[in-house]
Amino acid sequence: MARLQLQGVVKRYGGNAVVQGVDLTVEDGELVALLGPSGCGKTTTLRIVAGFTEPSAGTVRLGDRDITHIPPYARDTGMVFQSYALFPHLNVAQNVGFGLEMRGVNRAERDQRVKQALSLVQLGHLAQRLPRELSGGQQQRVALARALVIKPLAFLLDEPLSNLDAKLRIEVRLQMRALQQRLGLTTLMVTHDQEEALTMADRLVVMDQGRVRQIGTPQELYEHPVDAFVAGFIGRCNLLAGKMEGTGQFRSRSGALLPVGGTRFVAPGPLTFALRPERVRVAPASGTYPGSSERHVSARLTAITYLGSLTEYHADLDGASLLAIGPTPGTQDILRRLSPGDEVFLCWDDDAIRLLPGE
Amino acid sequence: MILLKAIGRLTLLLPAKLSGLAMPLWISVVYTLMLAPVVILAVISVFDQQIVSFPPEGWTWRWYLNAWDHPEFATGLLISLQVAVLSTLIGVPLGTAAALALVRSKLLGKSFFNYLLLGPLVVPGVVAGAALYLAYVRWENLLDMDITATLGGLVAGHTLLAMPWTVRLVVASLEGMDRSAEEAAVNLGARPWTVFRRVTLPMMRSGVIAAMLFAFIQSFENLDLSLLLVGPGSSTLPVAMLSYLEFRIDPTLAAVATVQVVVIGVLMVVTDRFVKLSRIV
């Protein structure tokens, strides 16, 4: 395994730049996820690393080699495709052995390594099957084994779980993560599923319109987003555009006034008030007064959504809608009696609020 | 296989509300219409009388023996087989290459080439045959070598017949192909030619095999294009049958045609063992 490094990578199609200067590093043994809405350039970036797409500018380094202009078949990357891309006419063992065959590995060693790789993904018993005789999850594991067996310098995953059903996806991503950590695979993964990215990656790269918005650990991105786009993209977030009014007050564009606490440094110009819904506490206006350390506003409930272990409260504050998520209250809890239309207090701590530049 | 598919298409023309017995009835009508010529042919070939009339006066194999006694049928069959095999072996690879270029390359004017390659399907066989004949004569004078009435000239003409089918069938199988399998092969270290040989070609195998079947049948049963291109004593089977018909009418032709049908039938059954024809055609 090796370190993967992209510097100033640009891809233009005609006058249209789909990747506009991406810098990122995947450390040896690290799993980095490229995350973003469709069309943000994440897949193009991955294909540039694999060599299927020639960058218009910039360099790609893998280990101590500059691979920017090396053809894809000589790059030593192992890619797992969204559609798995198994060879339909070859059986499982032949699929997995293909890369070794291309490397001129002799028959005996090949068989040995194929067997090893298949047992790694627990498919040793299906070696003679054709891909179409396997379930989606099994095909995905064959694709994994096929990419692993060549001992690539970097492991590239293109939406590897998107074709699996929800339950299997959770299982497989845990297995893949365990395997990646055990083997110390330098991995670059593309996904549009933030939950997948949060649970699997050491670091995330949030991309939008061909640019990197933020790189960081899941915690950093969730708790310290640099802008409203990242805040909105990673997890759910109450985002209100507006500006500061005096000290400690934020005026949303719809006119709602929100307390944000003491003095804090904020960039000049338009701002976005960001508050995670799980940091908002709902208290009945008629019940106990909010704790003194908390800021609070009074708002009107518009909807209550029961999600089993959690309950969502949608509230309206002078035209600004706010979402609060909390554990579903017990049967004796006073919150249980709330219904849409009720007046409530929404409370939060100062440190829950982020004022982000831009809108 | 092919028959079933065609019938399936026909049944789409059915009024929507056919119920009860109507559906099986309709299906048997369609089947009868399609199979009747073949069945009647086979039956007539064993009628024991010169002029075909019904009911037959008796049954006999003598028309088959009679056909065997006319050497032009046996040599015609051999030449037809030869021409069909050769034009398939030349036309299908050419057509496949053309299909690859049409689907994969960034060639300018692709649709022009696409129509050009379908041309032989549009031009009536007699016209194409005549045009080829005239061209051959001119080339003969230019190059000082025989082209008309040679096997080569005939094979070249039949190769044209193979092109449109091959292009259509292979283009269809290429367009339905998941290209990421080829990218996976590249990613695993395969160079372009290896990718083509080990992944692309096997994945479009069914289209190519179907194209070979069609090219063979097209050539084997072709009459109009061949008429002007065959030489004396080296007629293809359909041309030999036509010349026989000019002088005599008896069930010998039915016997020969039955043999022709059997050859194609066997070929289709054998092909179907390798590729399920119902899935591609």
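For the structure itself, consult the block above.
These lines cover the structure that appears in this document, whether it is placed above or below. Residue positions within a chain follow its written sequence, with the count starting from 1. Labels are handed out in written order, letters beginning with A for the chains and numbers beginning with 1 for the ligands. With pLDDT at 70 or above as the cut-off, local features in this predicted model cover only qualifying residues; side-chain atom pairs require 80 or more to be listed or tallied, and sums for whole chains, interfaces and linings still use all residues. Side-chain measures were taken over the full set of non-hydrogen atoms in the model, leaving aside hydrogen atoms and water.

Moving on: the pairing of strand β17 (residues 310-317) of chain A. All names here are of chain A. Bridge count between strand β16 (residues 295-306) and β17: six bridges; the pairing is antiparallel. What sits directly across from R300, in β17, is D316. By definition, two strands form a pair when at least two bridges between them are found by DSSP. Helix and strand definitions follow DSSP, with helices as H or I runs of at least four residues and strands as E runs of at least two, each counted in order from the N terminus. Once β16 ends, the chain turns through three residues before running back antiparallel as β17, passing G308 with a positive phi of about 85 degrees. The antiparallel hairpin formed by β17 and strand β18 (residues 320-327) contains two residues in its connecting segment, where D318 sits at a positive phi of about 45 degrees.

The subject of this paragraph is the sheet that holds β18(A). Adjacent strands of a sheet form backbone hydrogen bonds with each other and so pair up, either parallel or antiparallel. All names here are of chain A. What the five strands build is an open sheet, ordered β15-β19-β16-β17-β18; its pairing is antiparallel. Looking at which strands have only one partner, the edges of the open sheet turn out to be β15 (281-284) and β18. Averaged over all adjacent pairs, the angle separating strand axes in this sheet is 45 degrees, with direction ignored. An axis is simply a line fitted to the C-alpha atoms; with a helix, the fit covers only the stretch in contact. Between two such axes, the angle follows the N-to-C directions and lies from 0 to 180 degrees.

Residues and elements named next belong to chain A. Along helix α1 (residues 42-50), seven of the nine residues are buried, which leaves the element largely enclosed by surrounding structure. Here's how the labels work: a residue is buried when its accessible area is under 20% of the maximum for its type, exposed when over 50%, partly exposed in between, all with a 1.4 Å probe on protein chains only. For α1, the set of buried residues is K42, T44, T45, L46, I48, V49 and A50. G51 sits one or two positions beyond α1 and adopts a positive phi of about 95 degrees.

All names here are of chain B. Put simply, helix α7 (residues 151-175) and helix α10 (residues 205-220) touch, their axes get as near as 8 Å, and they point 155 degrees apart. Between α7 and α10, the crossing angle belongs to the class labelled roughly antiparallel. Crossing handedness for the pair α7 and α10: right-handed. Taken together, the residues of α10 that come into contact with α7 (itself represented by H158, L161, A162, W165, T166, L169, V170 and S173) are G207, V208, A210, A211, F214, A215, Q218 and S219. Angles below 35 degrees are treated as roughly parallel, those above 145 as roughly antiparallel, those between 65 and 115 as roughly perpendicular, and all remaining angles as oblique. By definition, turning the near helix anticlockwise from the far helix through less than a right angle yields a left-handed crossing, and turning it clockwise yields a right-handed one. In what follows, a contact means two residues having at least one pair of non-hydrogen atoms within 4.5 Å.

Another point: the sheet that holds strand β7 (residues 154-158) of chain A. All names here are of chain A. Reading across the sheet, the six strands line up as β6-β7-β8-β3-β9-β10 and stay open at both edges, with mixed pairing between neighbours. Either end of the sheet is taken by a strand with one partner, and the two such strands are β6 (77-80) and β10 (211-216). Each adjacent strand pair in this sheet contributes to an overall mean axis angle of 20 degrees, direction not counted. Packed onto the sheet, helix α4 (residues 136-148) meets β6 and β7 and runs at close to 175 degrees relative to β6.

So, about empty space enclosed by the protein. With a probe scaled to a water molecule rolled over the atoms, the places where space remains empty come into view. Residues and elements named next belong to chain A. Whether a set of points on the 1 Å grid over the protein atoms alone is a cavity depends on a 1.4 Å probe fitting there but being unable to get out, while an open set qualifies as a pocket with protein on both sides within 12 Å along at least five of seven lines; lining residues are those with an atom within 4 Å of a point. Grid points are joined across faces, edges and corners, and a volume is the space filled by probe spheres set on the points. Overall, the coordinates contain one cavity of 30 Å³ or more when judged by the stated rule. Of the voids in this model, the largest cavity is the one considered here, and its volume is about 50 Å³. Contributing elements (two or more residues each) for the lining of the largest cavity: β7 and α5 (166-183).

All right, on to the interface of chain B and chain A then. Taken together, the contact between chain B and chain A spans 18 residues of the former and 22 residues of the latter. Buried surface at the junction of chain B and chain A, both sides included, amounts to about 1800 Å², of which 63% is carbon and sulfur. Contact with chain A buries surface across chain B, with B:N187, B:L188 and B:R198 losing the most and accounting together for 41% of the total. By definition, a salt bridge exists where a carboxyl oxygen of Asp or Glu is found within 4 Å of a side-chain nitrogen of Lys or Arg. At the junction of chain B with chain A, the criterion picks out two salt bridges. Put simply, A:R47 and B:E183 hold a salt bridge, and the shortest N to O gap is 2.6 Å. Pairing of N or O atoms within 3.5 Å defines a polar contact, subject to two protein rules: one partner must be a possible hydrogen donor and the other a possible acceptor, and residues neighboring in sequence count only if both atoms are side-chain atoms. Here chain B is connected to chain A by eight residue pairs in polar contact (both at pLDDT 80 or more). Two parts placed together each lose some accessible area under a 1.4 Å probe, and the buried area is that loss summed for both.

Residue and element names in this part refer to chain A. A complete count under the given rule lists 20 salt bridges over all chains for this structure. For D193, the salt bridge is made with R169, and the minimal N-O distance between the two is 4.0 Å. Here the residue D193 occupies a position in the loop between β8 (187-191) and α6 (194-200), and R169 occupies one in helix α5, the gap between them amounting to 24 residues. A residue is classified by how much of its surface remains accessible, and D193, at 19% relative accessible area, is buried. A relative accessible area of 22% means that R169 is categorised as partly exposed. Connected through shared salt-bridge partners, D208, R213 and D227 make up one network.

Further remarks concern the packing of aromatic side chains. Residue and element names in this part refer to chain B. Any two rings among Phe, Tyr and Trp, with Trp reduced to its six-membered ring, count as a pair given centres within 6.5 Å; such a pair is stacked if its planes are under 30 degrees apart, edge-to-face if over 60, and tilted if neither. Taken as a whole, this structure holds 13 aromatic pairs over all chains when the rule is applied. Centroid distance F216 to F220: 5.6 Å. Interplanar angle 15 degrees. Geometry classified as stacked. Placement of both F216 and F220 in helix α10 is noted, with a separation of four residues, approximately one turn of the helix. Residue class for F216 comes out buried when judged on its relative accessible area of 10%. Overall, F220 belongs to the buried group, its relative accessible area being 0%.

All names here are of chain A. Across the six residues of strand β19 (residues 343-348), five count as buried, placing the element largely inside the fold. Bridge count between β15 and β19: four bridges; the pairing is antiparallel. Across the sheet, residue P284 finds its bridge partner in β19, namely V344. Bridge count for β16 against β19 is six bridges, and the pairing is antiparallel. Among the inter-strand pairings, A299 is bridged to a residue of β19, identified as V344.

The subject of this paragraph is helix α11 (residues 237-247) of chain B. Buried within α11(B) we find B:L237, B:P238, B:V239, B:A240, B:M241 and B:Y244. Of the surrounding elements, those touching the buried residues of α11(B) are α3 (62-69), α4 (71-104), α10 and α12 (252-274) of chain B.

This brings us to unusual backbone geometry. One non-glycine residue, A:Q209, lies in positive phi territory at about 50 degrees. Here A:Q209 is to be found in the loop between β9 (203-208) and β10. In this model, B:D144 sits at a positive phi of 55 degrees, which is unusual for a non-glycine residue.

Limitation: the analysis is restricted to geometry and does not speak to function.
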